[in-house]
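What follows is the residue order along each chain.
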Amino acid sequence: MGGAAGHMAHPFDCREVRNGQDLINFYVKAVNAIPLYEEESKGSSVSIKLDGVNTSFRLQKADNPAGFMFVIDRGGKTPGQWTKYDFEGVTPDNVVQRFKGNEDHGMVQVVNHMSKILNHDLMKLRPYVEALGLFERMGPEGVFFDAEYYANADPEEGPNAERGYKPVKNNVIYNHNYIAIHRLSEFYTETSETKTGKIKKRRLSRGFYWETVAEINELLKQKDQLLSQRQDTAEIDQLIAQKNNELKVKKQEHQEVLDQLAKAIQEHTDELDMGFKVYTKIGLRFKQGLTREAVLSRIEEALNMKVPYNYLKISDKESVGPTAINEVTGEVESRTLKQLLLSIDQNPAHVAYYPDTPGFTKDGESVKGRIQTKPGYIKDPKQSAFALQIYEDVMVTGPETGIGPFDIGNSPEDAKAINSATILWHAVRYIGDTIKKSIVADVDMGVEGGDEKHEGLVIQSTEICDGIAFKFTGEFIVDNRAGGFGVTPKGEDIPSNSAEAMFETKIRYGKLIKEFQEQEEQSGRKSEYVILIPGGFKPPTGGHYSMIKYYDDQPDVRKVIVVTGPKGRNGVTLDQSKEIFSLYGGFSDKVEFAPTTHFSPTTACYETVKKPEFVRQYPNAYFSIGASDKGKDKKRIKDFVNYFEERPHLIEAEVWAYPEAKAHEVGGKPASASRMMKAFVEQDWETFKSLLPNPALYDDVVKILSNQTGGEVNENFTDTNYLFSLVEEALSGPVPTPVPGAPEQKPATGTVSPEQESQLRAKIANMAKNSMIQFVSHILNNIPEVGGKKEKEEVGNAIVATLVDALTNQLMDATKNNQSVELAEMSSMAGGAVEGTAGGPWPNLRSEEDED
């Protein structure tokens, strides 16, 4: 029920919670702030949050010995037909008029009871009013007490029934009536000018310590700026702590006075036999025998629960959502709460999504956390990403309806903010509930279901949340949604980790969502992409050129990074590849060629986007692998997205699927480096020209390729051109030193002397071995079925030995007999050697990760 007092912060509102990991750390600090059962709770920073009806009251000047009286004030902003009574002060004389003539309104009883109790003996209360400095701060622009009222319904023979009390309550059921005085606040008048030049005044409320808080907030703004610039905040943190300590001292002094005031009011209710308990702050502790380590263990259990929900509804029968593959069973399942939290790199509560946009600013500053929803979703599309209606639609009913953040947000940026906010809400709900189940209140309020059913707990410590009070409410987040003044039914909810929710959720694994791009186009707000294109590009073909040019030409692509390995392939070196690309030309400045030392250029792309220093060069950009639509190439894009969706903790970047390029076809087949080199070796110049971006480049490209050295190439050692280069290089080496006294050996044409054969065999074997060890090691390291390091070494050595022996024998036979070995036979020989060694079919030795 509404009143003059404002809302209290949730954990995600605290400035120190900048991402999902911060929220996990936040709860660890919160656990350390709660006293153990054997520790003294008095004076601690935590207390129970009660669920009564807000009943703010203040002082009004009066013609009586005390010089004042207490009146109720509902916080009306301007004097209207009913709110004018707030400015006058709501009393038993005008309460019915204040509530539109409704004599049965619950607030009529509240005002009657509160006025009678508070004004019973004003001279007794005057010393406390003076001690708080309020005697000169009364009236509609004065200080008010933020308080709560609760009256339960009794059976007919109960005392409340005898007194004629009606139930006035919210959701939580207590076993006695109470009045709770929480804190002091004050009213003030804000003056503004309308567009027509009319002066507008309205009454607002602010905290009693607003001046000190304003100083702290100014320091916090400076801290935010330092954080955004990734600068050290130690000095300003010290100033904030100093101001918070000053504030803490003031509050403690006033709290002692409030406690004495509450005791005096308790005497009033006892003397009047009103049947109310009067409280200020009710302390709490962890349950007897419960250690902080045990509570943290319970929180870890909550973090490991599966959370099924959807990103986007595709049809009435299908939605897509965040999922993971169980490493043991291989089955698709929902991600854990912890995985989802670790995927949040930015807390929407601290982000201004629409700076300087009308409707998204307040008092000249952008409202943080406010986003736009799709037309028709809700009456006002300007919503907080943390709106409870959005949370319910995504996390509570979403698993059944299929609705997700991308069905609600007006753009991908809005949807991402909603996604992060709903995950943070879910964590606050379930981890908060875990903490609530671990505490016991200092006062037995007889709550149905135990102390865990309290509305929540409040923590205000200079060590957490910059000294700002915040609350844990747990399941009360959804339970309270159906509640309200005088209403007791609770909201319906299927826990998101229940069997019903797990089995009814409509999630399909691995589907790429092109609809996201369509939503961007519809919203008119284009996101920018960084495209990483891995491959060998040795040599670059017209297919490579058209693929890179496709991404280069897209207006929403900010950067294109072409990633290639340093080693040669097909007898073509990296320098030759770069020289040919330079010859082709035609790329804009946003295309960058980036050699890598990784065995696989595709692996290099994965590792690159894991690096925060790389990602931060492109703020607010999405990252994608680039590929053509030939064969299985486009699958790389899907694999890239799925990999990081399953491992969100590895990456700061936002990974999306950018559409693949159309493959450049020649003769009905996609252009490839292997086709181009085959045409070069066979001097099939017509085919060779057709595989270039422009046939006019033919002479220059041939000149570059004709200068190749035939050096070592490890990226694709099973390529037949490379196998021949081993023989060519061995034969072109220095002539063996003659043995002293031995007759000169003059091998016949087409034959090799025994000495040459021995040295040549050793040279070929050594070169082949060095090339194969790296590749076989890479394969074994990616096969978990092969055991530990020692076993991998034994298996690897056996494979390499067999490969080298088979290769050397075949190459030596071909050399000695001056035979022409067909390319296909050589490839078959190499593959067969591996298969025979492994005792079964092995994957293709050529890495499918790398662009041909």
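Residues numbered from 1 in each chain as written. Predicted model: local features only at pLDDT ≥ 70, side-chain atom pairs only at ≥ 80, totals over all residues. Heavy atoms only, no water.

(A) Examining the nonpolar core more closely. Ranked by size, the top nonpolar core spans 139 residues in total, and within it Leu-341, Phe-623 and Phe-688 carry the most contacts. Looking at this core, the element that brings in the most residues is helix α14 (residues 412-436), giving twelve residues. The contact partners of Leu-341, leaving out residues within four places of it in the chain, are Gly-20, Gln-21, Leu-23, Ile-24, Leu-303, Ile-423, Leu-424 and Ala-427. Membership of the second largest hydrophobic core comes to 52 residues, among which are Phe-70, Val-108, Leu-219 and Phe-276. (Core = buried A, V, L, I, M, F, W, Y, C linked by side-chain atoms within 4.5 Å. Buried < 20%, exposed > 50% of the residue type's maximum accessible area, 1.4 Å probe, protein only. Helix = DSSP H or I, 4+ residues; strand = E, 2+ residues; numbered from the N terminus. Contact = heavy atoms within 4.5 Å.)

(B) Structural view of the packing of helix α1 (residues 20-33) against α14. Taken N-terminus to C-terminus, the directions of α1 and α14 make an angle of 20°; their axes are 11 Å apart at the nearest point. Compared by their axis directions, α1 and α14 come out roughly parallel. For the pair α1 and α14, the sense of crossing is right-handed. Seen from α1, the contacting residues are Leu-23, Tyr-27 and Val-31; seen from α14, they are Leu-424, Ala-427, Val-428, Ile-431, Gly-432 and Ile-435. Tallied by class, the residues present in the contact of α1 with α14 amount to eight nonpolar, one polar and no charged. (Axes fitted to C-alpha atoms, helices over the stretch in contact; angles between N-to-C directions. Parallel < 35°, antiparallel > 145°, perpendicular 65-115°, else oblique. Left-handed = near helix turned anticlockwise from the far one by under 90°. Nonpolar A, V, L, I, M, F, W, Y, C, P; charged D, E, K, R; others polar.)

(C) Structural view of the environment of Tyr-174. Along the chain, Tyr-174 falls in the loop between α6 (159-163) and β6 (177-193). Between the C-alpha atom of Tyr-174 and that of Ala-151, which follows or precedes it by 23 residues, the distance is 8.7 Å. When neighbours within four sequence positions are excluded, Tyr-174 is seen to be in contact with Leu-50, Asp-51, Tyr-150, Asn-152, Met-445, Gly-446, Val-447 and His-454. Looking at Tyr-174, its side chain comes within polar contact range of the main-chain nitrogen of Asp-51, at 2.8 Å. (Polar contact = N/O pair within 3.5 Å; in protein donor to acceptor, adjacent residues only side chain to side chain.)

(D) Looking closely at the packing of helix α7 (residues 210-228) against helix α8 (residues 234-271). Contact geometry for α7 and α8: axes closest at 10 Å, N-to-C directions at 160°. Classed by the angle they form, the pair α7 and α8 counts as roughly antiparallel. When the axes of α7 and α8 are compared, the crossing they make is left-handed. Contacts between α7 and α8 involve Thr-212, Val-213, Glu-215, Ile-216, Leu-219, Leu-220, Gln-222, Lys-223 and Leu-226 from the first element and Ile-236, Asp-237, Leu-239, Ile-240, Lys-243, Asn-244, Leu-247 and Lys-250 from the second.

(E) Summary view of the sheet that holds strand β21 (residues 529-535). One open sheet holds the five strands; their spatial order is β23-β22-β21-β24-β25, and the pairing between them is parallel. Edge positions in the sheet fall to β23 (591-595) and β25 (654-655), since each of these pairs with one other strand and no more. On top of the sheet, helix α18 (residues 542-552) reaches β21, β22 (557-564), β23 and β24 (622-625); it is set at about 155° to β22, its chief contact. Against the sheet, helix α20 (residues 601-609) contacts β21, β22 and β24, and its axis sits at roughly 150° relative to β21. (Pairing = 2+ DSSP bridges.)

(F) Highlighting the side chain of Lys-630. Relative to the helices and strands, Lys-630 is located in the loop between β24 and α22 (635-646). Among the polar contacts listed, one links the side chain of Lys-630 to the backbone oxygen of Ala-671, at a separation of 3.5 Å.

(G) Just α7, in detail. Between the first and last C-alpha of α7 there are 26 Å, a value that for 19 residues agrees with the 27 Å anticipated at 1.5 Å per step. Among all positions in α7, only Thr-212, Ile-216, Leu-219, Leu-220, Lys-223 and Asp-224 are buried. Projected onto a plane normal to the axis of α7, the buried residues spread over an arc of 155° and lie on a single side. Exposed and oriented more than 90 degrees from the buried face of α7 are Glu-211 and Ser-228. The elements touched by buried residues of α7 are α8. At the exit of α7 stands Arg-230, carrying a positive phi of roughly 55°. (Expected span 1.5 Å × (residues − 1). Arc of directions from axis to C-beta.)

(H) Molecular detail of the pairing of β23. In terms of strand pairing, β22 meets β23 through five bridges, oriented parallel. Across the sheet, the residue bridging to Thr-564 is Pro-595, located in β23. After leaving β22, the chain enters helix α19 (residues 574-584) and then returns to the sheet as β23, a path that is right-handed. (Right-handed = clockwise from strand over helix to strand, strands pointing away.)

(I) Broad picture of the pattern of salt bridges. Considering all chains together, one arrives at 34 salt bridges under this definition. Glu-130 is the partner of Arg-126 in a salt bridge, and the nearest nitrogen-oxygen pair spans 2.8 Å. Separated by four residues within a single helix, Arg-126 and Glu-130 lie in helix α5 (residues 122-131), roughly one turn from each other. A residue is classified by how much of its surface remains accessible, and Glu-130, at 41% relative accessible area, is partly exposed. Note that Lys-382 and Asp-380 form a salt bridge whose closest N and O atoms lie 3.2 Å from each other. (Salt bridge = Lys/Arg side-chain N within 4 Å of Asp/Glu carboxyl O.)

(J) View of α22. Its twelve residues place the ends of α22 16 Å apart at the C-alpha level, agreeing with the 16 Å of an ideal helix rising 1.5 Å per residue. Those residues of α22 that fall on the buried side of the exposure criterion are Arg-636, Ile-637, Phe-640, Val-641, Asn-642, Phe-644 and Glu-646.

(K) Broad picture of the confidence of the model for the protein chain. A residue-level look at the protein chain finds 75% of positions with pLDDT of 70 or above and a mean pLDDT of 77. When pLDDT is averaged over each helix and strand of the protein chain, the minimum, 28, is found for helix α16 (residues 499-504) and the maximum, 96, for strand β4 (residues 68-72). Contacts of residues 818-851 to residues separated by more than four positions or lying in other chains number 62 contacts, the stretch itself having pLDDT below 50. (pLDDT = per-residue confidence, 0-100.)

(L) Spotlight on the packing of aromatic side chains. One pass over the full model with this rule turns up 46 aromatic pairs. For the pair Tyr-150 and Tyr-174, a centre-to-centre distance of 5.0 Å together with 90° between the ring planes defines the contact as edge-to-face. Here Tyr-150, found in strand β5 (residues 143-150), pairs with Tyr-174, found in the loop between α6 and β6; they are 24 residues apart in sequence, far enough to count as distant. The same class applies to Tyr-150 as to Tyr-174, namely buried. Connected via pairs of aromatic rings, a cluster forms that spans Tyr-309, Tyr-311, Phe-406, Tyr-529, Tyr-550, Tyr-551, Tyr-622, Trp-656 and Tyr-658. The side chain of Arg-206 reaches across the aromatic face of Tyr-188, ending 4.1 Å from its centre. (Phe/Tyr/Trp six-rings, centres within 6.5 Å; stacked < 30°, edge-to-face > 60°. Lys NZ or Arg CZ within 6 Å of the ring centre and 35° of its normal.)

(M) Quick peek at the side chain of Thr-434. Examined against the element boundaries, Thr-434 turns out to sit in helix α14. Look at Thr-434 and you get buried, because its relative accessible area is 13%. Side-chain polar atoms of Thr-434 contact the backbone oxygen of Tyr-430, separated by 2.9 Å.

(N) Broad picture of unusual backbone geometry. With omega at 0°, the peptide bond leading from Lys-538 into Pro-539 counts as cis. Its location among the elements puts Pro-539 in the loop between β21 and α18. The residue Asp-273 is not glycine, and still its phi comes out positive at about 55°. Within the element layout of this structure, Asp-273 appears in the loop between α8 and β8 (276-279). For Asp-273, a relative accessible area of 52% corresponds to the exposed category.

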